[in-house]
Amino acid sequence: MRVLMVFTLLLVAIATALSLAHALELPGKMRLKEATYKAVQTIYYPGFTIGGFAEIGGILALAILLYSTPSASTRFWWTLASLFFLAAQHATYWLVTHPVNNFWVRDVAMPRSGVAFFSMFARKQDGDWRDFRNIWEMSHVIRACLAISSLTSIAVAATLFADG
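Keep in mind that what you see is a predicted model, and the values were worked out from it rather than measured. As a convention, each chain's residues are numbered from 1 in the sequence order in which they are written. In view of the model being predicted, local features appear only for residues whose pLDDT reaches at least 70, and side-chain atom pairs are presented and counted only at 80 or more, with totals across whole chains, interfaces and linings using the full set of residues. Working from all heavy atoms in the structure, the side-chain values ignore hydrogens and water.

Engineer: Quick question: what am I supposed to make of the side chain of Arg133 here?
Structural biologist: Secondary-structure assignment places Arg133 in helix H7 (residues 129-159). No salt bridge is formed by the buried Arg133, whose closest oppositely charged neighbour, Glu137, lies at an N-O distance of 6.6 Å. In protein, a polar contact requires one atom able to donate a hydrogen and another able to accept it; more generally it is a pair of N or O atoms within 3.5 Å, and residues adjacent in sequence count only if both atoms are side-chain atoms. Side-chain polar atoms of Arg133 contact the side chain of Asn134, separated by 3.1 Å. Runs of E in the DSSP output that reach at least two residues are strands. Runs of H or I that reach at least four are helices, and both are numbered from the N terminus. Relative accessibility under 20% of the residue-type maximum defines a buried residue, over 50% an exposed one, and the middle range a partly exposed one, all with a 1.4 Å probe and only protein chains included. Counted charges follow a simple rule, with Lys and Arg positive, Asp and Glu negative, and His plus the chain ends left uncounted. The rule for a salt bridge is simple: a side-chain nitrogen of Lys or Arg has to be within 4 Å of a carboxyl oxygen of Asp or Glu.

Shown next, in the form of structure tokens:
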């Protein structure tokens, strides 16, 4: 159980780090002109896309951990909270962040698998680039808050209630 807890903490921490990195860029990126902002957006792929598997892995690991934790324990509820926050973070990606990602990568050369991935739930591609920027940036602030909540919850479960 301890190995699963450490592995779960690692996955949730990676998911948190990626979201937090995006959120911390916000003040600087909001000052960028259109051409620079669009150029900067393309550097995230494929690195952050690959790192995104930590979210799915974290959700699965949290679900397994939850299943193996006695439901009458306090640790169960902290683990459930962590799972809820990480699942909400991931849902925010698919419902808010991902639909505008295709706007940023439309001129990036990528394999067919990348094109297929970014075209899922794609939003209409015309409109003011600042609207896309604002949605994308704010979604990452929300994701970072949810990820930090998930990491805090599983850290509490792992440390304060490790024997309960």
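Moving on from the coordinates now.
Engineer: Teacher, can you tell me more about the packing of aromatic side chains here?
Structural biologist: Between two aromatic rings, the relevant description is the distance of the centres plus the angle of the planes. Any two of the Phe, Tyr and Trp rings considered here, Trp counted by its six-membered ring, make a pair once their centres fall within 6.5 Å; the pair's planes then place it as stacked at under 30 degrees, edge-to-face at over 60, or tilted in between. This structure, assessed with the given rule, holds four aromatic pairs. For the ring pair Tyr93 and Trp94, a centre distance of 5.2 Å and an interplane angle of 85° mean the geometry is edge-to-face. In this structure Tyr93 comes out as buried when scored by relative accessible area, which is 13%. Looking at Trp94, the relative accessible area reads 22%, which means it is partly exposed.

Engineer: I keep staring at the side chain of Ser150 and nothing clicks. Help me out?
Structural biologist: The topology assignment puts Ser150 in helix H7. Take Ser150: its relative accessible area is 0%, and that puts it in the buried class. Contact criterion: two residues are considered in contact whenever any of their non-hydrogen atoms come within 4.5 Å of each other. In contact with Ser150, other than residues within four places in its own chain, are Val12, Leu62, Ser82, Phe85 and Leu86.

Engineer: Just checking my understanding: could you explain the environment of Tyr37 for this structure?
Structural biologist: One can find Tyr37 in helix H2 (residues 34-41). We classify Tyr37 as buried; its relative accessible area is 0%. Sequence separation between Tyr37 and Ile14 is 23 residues; the distance between their C-alpha atoms is 25 Å. Among all residues touching Tyr37, those that are not within four sequence positions of it are Lys29, Leu32, Trp104, Trp129, Arg133, Trp136 and Glu137.

Engineer: So what exactly am I meant to see when it comes to the packing of helix H1 (residues 2-29) against H7 here?
Structural biologist: Helix-helix packing is characterised by the crossing angle of the two axes and by the distance between the axes. One way to put it is that H1 packs onto H7 with a least axis distance of 8 Å and a crossing angle of 150°. The angle between the axes of H1 and H7 places the two elements in the roughly antiparallel class. Like other packed secondary-structure pairs, H1 and H7 cross with a definite hand, here left-handed. Polarity classes work like this: nonpolar for Ala, Val, Leu, Ile, Met, Phe, Trp, Tyr, Cys and Pro, charged for Asp, Glu, Lys and Arg, and polar for all others, with Gly in that last group. Looking at side-chain class alone, the contact of H1 with H7 contains 19 nonpolar, six polar and three charged residues. With axes taken as lines fitted to C-alpha atoms, and helix axes fitted only over the stretch in contact, angles between N-to-C directions fall between 0 and 180 degrees. Every angle not falling under 35 degrees, over 145, or within 65 to 115 is termed oblique; those three ranges are roughly parallel, roughly antiparallel and roughly perpendicular. Handedness of a helix crossing follows the sense of rotation of the near helix relative to the far helix, less than a right angle counterclockwise being left-handed and clockwise being right-handed.

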